[in-house]
Amino acid sequence: MDNEVQYGFETLAIHAGQEPDPATGAVVTPIYQVSTYKQDGIGGLRGGYEYSRSANPTRTALEACLAEIESGARGLAFASGLAAEDALLRAVCRPGDHVIIPDDAYGGTYRLFAKVAAPWGVTFDPVPLGDIAAVRAAVRPETKIIWVETPTNPLLGIADIAALAAVAHDAGALLAVDNTFASPYLQRPLELGADAVVHSTTKYIGGHSDVVGGALIVSDPGLGERLAFHQNAMGAVAGPFDAWLTLRGIKTLGVRMDRHCANAERIVEMLQRHPAVREVLYPGLPGHPGHDVAAKQMKAFGGMVSFRMESEEAAVRVCERTKLFTLGESLGGVESLIEHPGRMTHASAAGSPLEVPSDLVRLSVGIEDAHDLRRDLEQALG
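Only a predicted model underlies this, so the values are computations on that prediction, with no experimental measurement involved.

1. Concerning the side chain of Thr 322
Now for step 1: One can find Thr 322 in the loop between helix H12 (312-321) and strand E10 (326-327).
Now for step 2: For Thr 322, the side chain forms a polar contact with the main-chain oxygen of Phe 325, separated by 2.7 Å.
Now for step 3: In contact with Thr 322, not counting residues within four places along its chain, are Ile 338, Asp 376, Leu 377, Gln 379 and Ala 380.

2. A look at the domain arrangement of the protein
Now for step 1: Taken domain by domain, the protein comprises domain 1 (9-248) and domain 2 (254-381).
Now for step 2: Inter-centroid distance (C-alpha atoms) of domain 1 to domain 2 is 25 Å.
Now for step 3: Each side of the interface is counted separately: domain 1 has 39 residues, and domain 2 has 42 residues.
Now for step 4: Buried area between domain 1 and domain 2, both sides added, is near 3100 Å², and the carbon and sulfur share of it is 64%.

3. Remarks on the pairing of strand E4 (residues 143-149)
Now for step 1: When you tally the buried positions in E4, you get six out of seven residues, the bulk of the element.
Now for step 2: Summarising the sheet, E4 and strand E5 (residues 174-178) pair through five bridges and their orientation is parallel. When the sheet's bridge partners are listed, Glu 149 is paired in E5 with Asp 178.
Now for step 3: Since E4 and E5 lie parallel, the crossover through helix H6 (residues 161-170) that links them has a hand, and here it is right-handed.

4. Describing the packing of helix H3 (residues 81-92) against helix H4 (residues 107-120)
Now for step 1: In the contact formed by H3 and H4, the axes pass within 11 Å of each other and the chain directions differ by 35°. As H3 runs across H4, the sense of the crossing is right-handed. Side by side, H3 and H4 meet where Leu 82, Glu 85, Asp 86, Leu 89 and Arg 90 of the first sit next to Gly 108, Thr 109, Arg 111, Leu 112, Phe 113, Val 116, Ala 117 and Trp 120 of the second.
Now for step 2: Classifying every residue of the contact of H3 with H4 by side-chain character gives seven nonpolar, two polar and four charged.

5. Examining the UniProt feature "modified residue: N6-(pyridoxal phosphate)lysine" (unreviewed entry) in the protein
Now for step 1: As annotated in UniProt, the feature "modified residue: N6-(pyridoxal phosphate)lysine" (unreviewed entry) corresponds to Lys 203 in the numbering used here.
Now for step 2: Relative to the elements of secondary structure, Lys 203 occurs in the loop between strand E6 (196-200) and strand E7 (214-218).
Now for step 3: By relative accessible area, Lys 203 is classed as buried at 15%.
Now for step 4: With sequence-adjacent residues up to four places away left out, Lys 203 is seen in contact with Thr 180, Ser 330, Leu 331 and Gly 332.

6. Quick look at the sheet that holds strand E8 (residues 279-281)
Now for step 1: Read across the sheet, five strands follow the order E8-E9-E12-E11-E10 without closing on themselves; strand pairing throughout is mixed. Each edge of the open sheet is held by one strand with a lone partner, namely E8 and E10.
Now for step 2: Pairing between E8 and strand E9 (residues 304-308): three bridges, direction antiparallel. Residue pairing in the sheet places Glu 279 in a bridge with Arg 308 of E9.
Now for step 3: Running at roughly 10° to E9, helix H10 (residues 253-273) makes contact with E8, E9 and strand E12 (360-364) of the sheet.

7. A word on helix H9 (residues 240-251)
Now for step 1: The end-to-end C-alpha distance of H9, which contains 12 residues, comes to 17 Å, matching closely the 16 Å that a straight helix rising 1.5 Å per residue would cover.
Now for step 2: Among the residues of H9, Pro 240, Ala 243, Leu 245, Thr 246, Leu 247, Gly 249 and Ile 250 are the ones counted as buried.
Now for step 3: Those residues of H9 that are buried lie in contact with helix H1 (9-15), helix H2 (57-69) and H10.

8. Considerations on unusual backbone geometry
Trans is the common state for peptide bonds, and a negative phi is the common state for residues other than glycine.
Now for step 1: In the segment running from Thr 150 into Pro 151, the intervening peptide bond is cis, with an omega of -5°.
Now for step 2: Within the secondary structure, Pro 151 is located in the loop between E4 and H6.
Now for step 3: The linkage connecting Asn 153 with the following residue, Pro 154, adopts the cis geometry, with an omega of 10°.
Now for step 4: Position of Pro 154 relative to the elements: it lies in the loop between E4 and H6.
Now for step 5: Not every positive phi belongs to a glycine, and Ser 183 is a case in point at roughly 70°.
Now for step 6: For Ser 183, the position within the fold is in helix H7 (residues 183-186).
Now for step 7: When its relative accessible area of 1% is taken as the criterion, Ser 183 is described as buried.

Criteria and cut-off values
- Residues numbered from 1 in each chain as written.
- Predicted model: local features only at pLDDT ≥ 70, side-chain atom pairs only at ≥ 80, totals over all residues.
- Heavy atoms only, no water.
- Helix = DSSP H or I, 4+ residues; strand = E, 2+ residues; numbered from the N terminus.
- Polar contact = N/O pair within 3.5 Å; in protein donor to acceptor, adjacent residues only side chain to side chain.
- Contact = heavy atoms within 4.5 Å.
- Domains from an automatic or database assignment.
- Buried area = accessible area lost by both parts, 1.4 Å probe.
- Buried < 20%, exposed > 50% of the residue type's maximum accessible area, 1.4 Å probe, protein only.
- Pairing = 2+ DSSP bridges.
- Right-handed = clockwise from strand over helix to strand, strands pointing away.
- Axes fitted to C-alpha atoms, helices over the stretch in contact; angles between N-to-C directions.
- Left-handed = near helix turned anticlockwise from the far one by under 90°.
- Nonpolar A, V, L, I, M, F, W, Y, C, P; charged D, E, K, R; others polar.
- UniProt positions renumbered as here; feature names shortened; annotations may be inferred.
- Expected span 1.5 Å × (residues − 1).

Spelled out as structure tokens, the structure:
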């Protein structure tokens, strides 16, 4: 691609890092299903490839594309989102260091900090990231990362990325943003001052519930080099077929996200009017406490919707009665999913400060016909 031309998101998603194959002219990046490479003499590497844990051409194409669509200097693809998170922690933190996390963080992230990082000697504090004063008060001299999810999983809280970047940088810390729920189509944290972006590429970026992966994208090439060392040394890399599937998903990310967002808005309209629903959590609602910030830093409000029922039993009953909304974990695929976070994705946070309400239901609104989805939820709500 012409580096002097400013391309739009949808163009970058299809072409960045994906030039036609020089040997055959193939317009889709091949799956380089290979572990090792012939060297032209000792140390004479072709294109820098020697062993596929260190680098693989399919993964290279994915990493280049991820960097472009997130406006970053370096992209790195991992075997899962949690593998990406762990690599960032290991590269930046040492025993005795401190991290601030959201007080409603994803359960897997909480487990990583509580059960892996804490025994290693890294302390952390859950803080309401919508309260900038509270975040500033929680910063310590040993704070190395302010860890952000926006929107959060599953309560859909919103954090002001630019404001938190200022707090982090004043303290000499990094701002890391989990951008999984928004995707780079709706929100680009590096452009707002973040230092690192984390993705579970399993979700919206892959988009078809057929591949597990993770990514880190950073603005500083030096940090990128440190992360690349850890990626190679720790080895939790994306395989070539996984990288190929994720690249395929990226090509349609823009059009899919438009439909996810439009369908979510239709679902929210119905839920707000339904007498069995006690509260709807969606940043697109004017009454949402983070609505103004979300409107400022997001292109649209996303495809994730959460709502609260009158009791845990009622929430579970809704999850069990849908027909088009599949009862299942994960999110961001073309098909709609429904789950009970307290018993499913966030069970690891039970009994902790991050425990989610037992009456909460989380929806990943897919790209099916919106009328069909609304009708399915209406019958499940009774």
